[in-house]
Amino acid sequence: MKAYQWISLSLASLLFVSFVGQITTNQAIESGALTGSPTGSPTLAHPVASSTLMAQNPKQLTVVKSGNFKSGEHPTQGKVRIVTQNGKTFLDLDQGFKTSSMGPDLVVALHRSGNVLGATTPPAYPLKKGEYVVLAPLRQFNGAQRYAIPANLNLANFQSAVIWCRRFNATFGAATLG
């Protein structure tokens, strides 16, 4: 029985080490720290620990647009930025972001209007179909968060970021992007 437990523990340890090694390799590939070797397997381009490499080689970040949230249906505050990093575009909510936890199905969206709250009617501030694009469900009601923006989306067509309750068509908050 002890041999069976020892073999099971050994297999579990081997799987765990393989999984952690794969995650570390994937993170290094995404950060640009790995290159191909003559044997075809990835190798570190610089012989340093990946955390040290990340600290010494920060990824280029460019702010494209930014704004501050104003409350709509519910209190919403904080800053939002549209940024590009390594050829990809993201919507970033800052550490000071906060909105109400009262709504189901909250999403982060981009809107065509520069004055979402002024162009609609309180108290719900409903959005009209075709005037927005949903990026993703809201992950947290407060704190820093990042959402990918599809590469095929023309940012020139969108002037605001919104936190929107899809189920009840209620805009919790909006930020004009300038």
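Everything below is about the structure shown above.
The model shown is predicted, which means the values in this text are computed figures rather than measured ones.

**Student:** It is not clear to me how the nonpolar core should be interpreted in this structure. Could you clarify?
**Tutor:** One recurring pattern in soluble globular proteins: nonpolar side chains tend to sit buried together. If you look at the biggest cluster of nonpolar residues, it comprises 24 residues, and the most contacted ones within it are Val-80, Leu-91, Leu-93, Leu-110, Leu-138 and Ile-149. Those elements that place two or more of their residues in this core are β6 (79-85), β7 (88-93), β9 (106-111), β10 (132-137), β11 (145-149), β12 (160-165) and β13 (170-176). The contacts of Leu-91, once residues within four sequence positions are left out, are Val-80, Arg-81, Ile-82, Val-108, Leu-110, Leu-135, Gln-145, Arg-146, Tyr-147, Ile-149 and Ala-161. Counting nine residues, the second-largest nonpolar core is a separate cluster that includes Leu-117, Tyr-125, Val-162 and Ala-174.

**Student:** I would appreciate a short explanation of the packing of aromatic side chains in the present structure.
**Tutor:** Given two aromatic rings, their pairing is described by the distance between the two centres and the angle made by the two planes. One pass over the full model with this rule turns up two aromatic pairs. Consider the rings of Tyr-132 and Trp-164, whose centres lie 4.7 Å apart with planes at 55°: the pair is tilted. Of this pair, Tyr-132 sits in strand β10 while Trp-164 sits in strand β12; the two residues are 32 residues apart in sequence, bridging distant segments of the chain. The exposure class of Tyr-132 is partly exposed, given its relative accessible area of 22%. Trp-164 sits in the buried class, given a relative accessible area of 4%. A cation sits over an aromatic face here: Arg-139 above Tyr-147, 4.1 Å from the ring centre. The ring centre of Phe-90 lies 4.4 Å from the NZ or CZ of Arg-146, which sits over that ring.

Cut-offs and rules
Residues numbered from 1 in each chain as written. Predicted model: local features only at pLDDT ≥ 70, side-chain atom pairs only at ≥ 80, totals over all residues. Heavy atoms only, no water. Core = buried A, V, L, I, M, F, W, Y, C linked by side-chain atoms within 4.5 Å. Buried < 20%, exposed > 50% of the residue type's maximum accessible area, 1.4 Å probe, protein only. Helix = DSSP H or I, 4+ residues; strand = E, 2+ residues; numbered from the N terminus. Contact = heavy atoms within 4.5 Å. Phe/Tyr/Trp six-rings, centres within 6.5 Å; stacked < 30°, edge-to-face > 60°. Lys NZ or Arg CZ within 6 Å of the ring centre and 35° of its normal.

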